[in-house]
Amino acid sequence: HILMRRWIDYAGATQKMLRKSRFITHYMNRLLLPSDDEIRADIEAFNLSHLRCIIREAARRDIPVAVCSFAAPDIDNLPREERDYYDLYAYDLYAPGEPDGRYITFSTYCRVVGLFNRELEALCREEGIPYIPVAENIRGGTEIFGDVCHMKNRGILMKARVICEHLSGPLSPLLGVNADTVEVPGGA
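Predicted, not measured: the structure shown is a model, and the values here were computed from it.

The rules behind these values
- Residues numbered from 1 in each chain as written.
- Predicted model: local features only at pLDDT ≥ 70, side-chain atom pairs only at ≥ 80, totals over all residues.
- Heavy atoms only, no water.
- Helix = DSSP H or I, 4+ residues; strand = E, 2+ residues; numbered from the N terminus.
- Expected span 1.5 Å × (residues − 1).
- Bend = angle between axes of the 7 residues up to and from the residue.
- Buried < 20%, exposed > 50% of the residue type's maximum accessible area, 1.4 Å probe, protein only.
- Contact = heavy atoms within 4.5 Å.
- Axes fitted to C-alpha atoms, helices over the stretch in contact; angles between N-to-C directions.
- Parallel < 35°, antiparallel > 145°, perpendicular 65-115°, else oblique.
- Left-handed = near helix turned anticlockwise from the far one by under 90°.
- Nonpolar A, V, L, I, M, F, W, Y, C, P; charged D, E, K, R; others polar.

Another point: helix α4 (residues 36–60). The first and last C-alpha atoms of α4 sit 33 Å apart over 25 residues, in line with the 36 Å expected at 1.5 Å per residue. At Leu 48, α4 is deflected by roughly 45 degrees, the largest bend along its length. Among all positions in α4, only Ile 39, Asp 42, Ile 43, Leu 48, Arg 52, Ile 55 and Ala 58 are buried. Tucked inside the fold, the buried residues of α4 contact α1 (2–9) and α6 (106–127). Trailing α4 by a residue or two, Asp 62 shows a phi angle of about 60 degrees, which is positive.

Bringing the packing of α4 against α6 into the picture now. Two elements in contact, α4 and α6, have axes whose closest approach is 10 Å; the angle formed by their N-to-C orientations is 45 degrees. Put simply, α4 runs oblique to α6. Once α4 is placed against α6, the crossing between them reads as right-handed. Where α4 abuts α6, its residues Asp 36, Ile 39, Arg 40, Ile 43, Asn 47, Leu 48, Leu 51, Arg 52, Ile 55 and Arg 56 lie against Arg 111, Val 112, Leu 115, Phe 116, Glu 119, Leu 120, Leu 123, Glu 126 and Glu 127. Among the residues forming the contact of α4 with α6, the class breakdown is 10 nonpolar, one polar and eight charged.

Laid out in structure tokens, this is it:
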């Protein structure tokens, strides 16, 4: 969220001009953000660099680390009403109180989250730590997500199951249990 606010605040003159068109802000919202390469560079500088420090400090102390992808509502399979709901939430999140502040649509938000998750997965490969594909295993809309990034109880349970399934094997030596005996909550 910090990066999206930053991209809005530091938009170039052309992007600021394009914001004046409701058509462009809604249907061509991608033009209001930096290029994918710039987005990836910002994700590295503002997010992943900090994770790298945490991972390396944990390794120095022999603390195992695993990282989960960031889940968002499944934009490709939502009914129009739910997409509209998430659009309104994204608008309010990134431009509160601004009458024409529709600078980040739900679609753009999902695209950036996808870029973030791909970069996160690459970081995990580079650092040799487990990547837990939460986003890749949770699909749904308002029955799972209260807004674009916060899960309801049902979604939290689904996330816990994905994490348990992916960590039960690697954690079993630390827990002193056989991975086959680890029970996933809810009987997954």
